[in-house]
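Chain and residue survey
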Amino acid sequence: MIIIGEKINGTIPSVKEAIANRDEQYIRDLAVKQAEAGADYIDVCAGTAPEIEAETLKWLMDIVQDAVDTPLCIDSPNPRVIEQVLKYAEQPGIINSVSEEGDKCEVIYPLMQGTAWQVIALTCDNKGIPSGVEQRVDITRMLVEKAQKYDITPDRIHIDPLVMALSADNQSLIKFVDTLAAVKKLYPTIKVTSGLSNISFGMPLRKIINQHFLAIAIYAGMDSAIMDPCNRDMLTTLLATEALLGRDRYCRNFSNAYRKNKIGPERITKK
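Anyway, here's the lowdown on the structure attached to this text. Only a predicted model underlies this, so the values are computations on that prediction, with no experimental measurement involved.

**Some remarks on the overall build of the protein chain**
The helix and strand inventory of the protein chain stands at 10 helices and 8 strands. The principal-axis extents of the C-alpha atoms in the protein chain amount to approximately 55 × 40 × 35 Å. In the protein chain, once contacts between residues fewer than 6 apart in sequence are set aside, the share between residues at least 24 apart is 67%. Accessible surface for the protein chain amounts to roughly 13400 Å². Of this, 52% is attributable to carbon and sulfur atoms.

**Observations concerning unusual backbone geometry**
The residue after Asn 96, namely Ser 97, is reached through a cis peptide bond having omega 25°. Position of Ser 97 among the secondary structure elements: in strand E4 (residues 94-100). One non-glycine residue, Arg 22, lies in positive phi territory at about 50°. Checked against the element boundaries, Arg 22 lands in the loop between helix H1 (13-20) and helix H2 (24-37). A positive phi is found at Asn 261, a non-glycine position, where the angle reads about 65°. Looking at the element boundaries, Asn 261 is found in the segment after helix H10 (252-259).

**Side note on the environment of Thr 189**
Checked against the element boundaries, Thr 189 lands in the loop between helix H7 (172-186) and strand E7 (191-192). When neighbours within four sequence positions are excluded, Thr 189 is seen to be in contact with Pro 154 and Asp 155.

**Details of the side chain of Glu 53**
The residue Glu 53 is located in helix H3 (residues 50-67) in this model. As a buried residue without a salt bridge, Glu 53 has its nearest oppositely charged side chain in Lys 104, at a separation of 10.0 Å. If we ignore the near neighbours within four places in the chain, the residues touching Glu 53 are Ala 46, Thr 48, Ser 76, Pro 77, Asn 78 and Val 81.

**Things to note about the packing of aromatic side chains**
Under the defined criterion, the tally for this structure stands at 2 aromatic pairs. The interplanar angle of 45° and the centroid separation of 6.2 Å between the aromatic rings of Tyr 109 and Tyr 150 together place this pair among those described as tilted. Linking Tyr 109 in helix H5 (residues 104-112) with Tyr 150 in the loop between helix H6 (133-148) and strand E6 (157-160), this pair joins segments that are 41 residues apart in sequence. You can call Tyr 150 partly exposed: its relative accessible area is 24%. Taking 5.3 Å as the distance between ring centres and 75° as the angle between the ring planes, the aromatic pair formed by Phe 176 and Phe 213 counts as edge-to-face. Pair noted here: Phe 176 is in helix H7 and Phe 213 is in helix H8 (residues 206-220), with a separation of 37 residues, a long-range link. Like Phe 176, the residue Phe 213 is buried in the burial classification. Stacked on the ring of Tyr 88, the Lys or Arg Lys 58 has its end atom at 4.8 Å from the ring centre.

**Comments concerning the sheet that holds E6**
As summarised here, the arrangement of the 8 strands in space is E7-E6-E5-E4-E3-E2-E1-E8, forming an open sheet in which the pairing is parallel. Edge positions in the open sheet fall to E7 and strand E8 (224-227), since each of these has one partner strand only. In the sheet, strand E3 (residues 72-75) pairs with E4 via 3 bridges, with the strands oriented parallel. The partner of Asp 75 across the bridge, within E4, is Asn 96.

**Here we look at the pattern of salt bridges**
Applying the stated criterion across every chain, the model contains 12 salt bridges. Measuring nitrogen to oxygen at the nearest pair gives 2.7 Å for the salt bridge that ties Asp 62 to Lys 58. Here the residue Asp 62 and the residue Lys 58 both occupy positions in helix H3, the gap between them amounting to 4 residues, near one helical turn. Lys 58 gets classed as partly exposed once you look at its relative accessible area, which sits at 27%. It is possible to trace a salt-bridge network through shared partners that takes in Arg 80, Glu 83 and Asp 103.

**Some words on the pairing of E3**
In the case of a regular strand, side chains alternate between the two sheet surfaces. Residues Leu 72 and Ile 74 point to one face of E3 and Cys 73 and Asp 75 to the other, with burial holding for every one of them. As paired elements, strand E2 (residues 41-45) and E3 share 4 bridges and run parallel to each other. By the bridge assignment for E3, Val 44 is matched with Ile 74. Handedness of the β-α-β unit built from E2, H3 and E3 comes out right-handed. In the classification by handedness, the crossover that spans E3, the intervening helix H4 (residues 79-85) and the parallel E4 is right-handed.

Conventions adopted
- Residues numbered from 1 in each chain as written.
- Predicted model: local features only at pLDDT ≥ 70, side-chain atom pairs only at ≥ 80, totals over all residues.
- Heavy atoms only, no water.
- Helix = DSSP H or I, 4+ residues; strand = E, 2+ residues; numbered from the N terminus.
- Contact = heavy atoms within 4.5 Å.
- Areas by Shrake-Rupley, 256 points an atom, 1.4 Å probe, with all protein chains shown as cover.
- Buried < 20%, exposed > 50% of the residue type's maximum accessible area, 1.4 Å probe, protein only.
- Lys, Arg positive; Asp, Glu negative; His and termini not counted.
- Salt bridge = Lys/Arg side-chain N within 4 Å of Asp/Glu carboxyl O.
- Phe/Tyr/Trp six-rings, centres within 6.5 Å; stacked < 30°, edge-to-face > 60°.
- Lys NZ or Arg CZ within 6 Å of the ring centre and 35° of its normal.
- Pairing = 2+ DSSP bridges.
- Right-handed = clockwise from strand over helix to strand, strands pointing away.

Keep in mind these values describe shape, not function.
Okay, here's the thing in structure tokens:
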């Protein structure tokens, strides 16, 4: 599983405050903690007013890149902002995101041409998020076909089927899994990703719902997750699921994480 660390996001109240106060140390600590917890990419999202988004995003990128070597996932709903800041990335990472909304593909895909950048592609269009599997697969097909015009192969695309809240759609997980299977059948090398918290919106015991969603999604073939790698329960679920699926040779990753006190109930080490 590819872990995309989600904690540096201006929509999170504590991060919003750190951005407003230009608290570099707070952002740096978040980057280091996520990298040490095993994040493969670190998402940076300004979440600010449009007129200062590019400036703020560059500020976040500079701090994270100074703190860790982990590649970035540059996150903005505005493709023009990504266009402005991409040149400040010190190494290729992931762009978050494109979709069939507006001209996002036409702005983002040319930036990726001839590079090693990857992209998260959302299954939505100008009408919003479709409720059915077939429509999501159709959008995926359009996103991949547009990408091919810029020599972007499916293995560089992380499709996000946009799981809906289970409280609003009782078939939400089933639709996610069915979309994943259909997309993988069309494009065997494509990656499938998801945020983990939307599915539990409006429900009690949200962390439990999220953990079980993660386990089922990994079993179904999800390749990456936008998640908090510092959340011990989520990381435990991820590593346990991979061990159970035979993806962790001799359970070394699980055992090493336990020995390093990264998973399970936190143990107080004696000095």
